[in-house]
Amino acid sequence: MVLNEEYAMSDNWTEQHIPDQHGRVAIVTGANTGLGFETARMLAARGAAVVLAVRDVEKGKQAATRITGDVTVQALDLTSLDSIRSAAADLRAAHPRIDLLINNAGVMYTPRQTTTDGFELQFGTNHLGHFALTGLLLDRLLPVPGSRVVTVSSTGHRIRAAIHFDDLQWERSYSRAAAYGQSKLANLMFTYELQRRLAPHSTTIAVAAHPGVSNTELIRNTPAAIRVPVTWLAPLLTQKAEMGALPSLRAATDPAVTGGQYYGPGNRGEIRGYPKLVTSSPDSHNQATQQRLWAVSEELTGVTFPVR
């Protein structure tokens with residue numbers, strides 16, 4: 001335990017600082033590639049039983065063969081509420097207890113598209129899908145000491161970001177960047193409101209993280225005017241997925257973490273670096289907006305939480 005306490009205080013928190021995870025069950029969404037894969041790999045290496053919750057099961061199985069440890073694959077399409085409910089039922093049947101739920105999967109800067117249920121794709125996937133999944137699994141975390149819900153946001157929550165209650169699905173006009181910003185701002189608001197609801201009832205905590213600018217497949221939908229320069233300058237502007245996953249891992253495993261915190265790369269601009277406690281925008285802390293978003297999210301998904 002002394003070693004873990006020393007790790008928790010380290011300025012350069014790395015994979016080696018992850019405490020032993022034997023006996024813990026971790027579900028990681030979008031874990032077949034990029035940040036999610038690295039998150040799952042490192043948790044499994046420290047002994048966790050890890051579930052790769054992925055849209056493409058075959059890719060998930062291929063990813064599982066590259067991870068050493070106790071790894072299973074669960075079909076999960078965050079663009080479909082039916083799939084989310086089915087996945088949650090499977091996970092509940094397989095796991096009486098869940099220690100970590102890491103809401104990692106996401107899409108970025110996509111052209112205007114809708115989910116199966118008619119939600120704008122970025123808002124529907126990044127926020128509403130994870131909102132529904134968390135609500136359906138939360139009672140498996142509540143009795144578990146030290147359990148956590150970690151939701152991955154982005155520095156994009158500051159860019160042209162607001163919750164557009166008058167046009168949540170971007171039906172009147174559409175901006176890739178603004179829609180992405182809304183979804184990532186929603187991730188933070190969800191985390192903060194969830195923590196407020198958890199605090200009186202359970203030791204389960206809600207924490208947020210962001211990866212900085214990581215060199216992953218997530219940029220594939222970025223407009224060419226941005227994507228091409230970023231690709232050329234990747235060694236200077238981005239960090240590898242292994243580093244980008246560390247803020248989520250610190251949020252999930254560091255004994256010093258408390259509910260409602262937000263972790264990201266510690267270097268200037270939070271683009272690269274070792275994970276540190278960071279701050280989110282003032283807008284993300286607006287409690288009235290958080291509560292309104294929560295109510296709307298329950299209405300849209302049909303999912304209510306076992307904490308009020």
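Rules used throughout
Residues numbered from 1 in each chain as written. Predicted model: local features only at pLDDT ≥ 70, side-chain atom pairs only at ≥ 80, totals over all residues. Heavy atoms only, no water. Pairing = 2+ DSSP bridges. Helix = DSSP H or I, 4+ residues; strand = E, 2+ residues; numbered from the N terminus. Axes fitted to C-alpha atoms, helices over the stretch in contact; angles between N-to-C directions. Contact = heavy atoms within 4.5 Å. Expected span 1.5 Å × (residues − 1). Bend = angle between axes of the 7 residues up to and from the residue. Buried < 20%, exposed > 50% of the residue type's maximum accessible area, 1.4 Å probe, protein only. Polar contact = N/O pair within 3.5 Å; in protein donor to acceptor, adjacent residues only side chain to side chain. Phe/Tyr/Trp six-rings, centres within 6.5 Å; stacked < 30°, edge-to-face > 60°. Lys NZ or Arg CZ within 6 Å of the ring centre and 35° of its normal. Lys, Arg positive; Asp, Glu negative; His and termini not counted. Salt bridge = Lys/Arg side-chain N within 4 Å of Asp/Glu carboxyl O.

(A) Up close: the sheet that holds strand β7 (residues 262-265). If you walk across this open sheet you meet the eight strands as β3-β2-β1-β4-β5-β6-β7-β8, and the pairing is mixed. Two strands bound the open sheet, and with one partner strand each, they are β3 (71-75) and β8 (275-277). Strand-to-strand twist of the sheet, defined as the mean angle between neighbouring strand axes without regard to direction, takes the value 20 degrees. The sheet contact formed by strand β1 (residues 25-29) and strand β2 (residues 49-54) spans five bridges and is parallel. Looking at the pairing, V25 lines up with A49 of β2. Helix α3 (residues 57-64) rests against β2 and β3 of the sheet, and its axis sits at about 170 degrees to β3. Sitting on the sheet, helix α5 (residues 121-141) is in contact with β1, β4 (100-103) and β5 (148-152), with an inclination near 175 degrees to β4.

(B) How the structure looks around α5. Between the first and last C-alpha of α5 there are 28 Å, a value that for 21 residues agrees with the 30 Å anticipated at 1.5 Å per step. Along its length, α5 reaches its greatest deviation from straightness, about 35 degrees, at G135. Taking burial as the measure, the 21 residues of α5 include 19 buried ones, the bulk of the element. Among the residues of α5, the N-terminal cap falls to E120, whose side-chain oxygen and the backbone nitrogen of Q122 are separated by 2.9 Å.

(C) Highlighting the packing of aromatic side chains. Evaluation of the coordinates by the stated rule reveals eight aromatic pairs. Judged by centre distance (5.8 Å) and plane angle (25 degrees), the rings of F190 and W294 are stacked. Highlighted residues: F190 in helix α6 (residues 176-198) and W294 in helix α11 (residues 287-301), separated in sequence by 104 residues. Per residue, the accessibility class of F190 equals that of W294, and both read buried. Measuring from centroid to centroid gives 6.2 Å for F190 and F305, while their planes differ by 70 degrees, and the two rings are edge-to-face. A residue pair is termed long-range when its members are at least 10 positions apart, and F190 in helix α6 and F305 in the segment after α11 qualify at 115 residues. Above the ring of F37, the side-chain terminus of R66 is found at 4.3 Å from the ring centroid.

(D) Spatial organisation of the pairing of β4. Burial along β4 is two-sided: L100 and I102 facing one way and L101 and N103 facing the other are all buried. Pairing of β1 with β4 involves three bridges; the strand directions are parallel. Looking at the pairing, I27 lines up with L101 of β4. Examined bridge by bridge, β4 and β5 share four bridges and lie parallel to one another. Paired with L101 across the two strands is V149, which belongs to β5.

(E) Seen up close, the side chain of E270. Within the secondary structure, E270 sits in the loop between β7 and β8. R158 provides the closest opposite charge to the buried, salt-bridge-free E270, at an N-O distance of 5.1 Å. Engagement of the side chain of E270 in a polar contact is seen with the side chain of H210, the distance being 2.8 Å. Contacts of E270, omitting those with residues within four sequence positions, involve T155, H210, G212, P265, V278 and T279.

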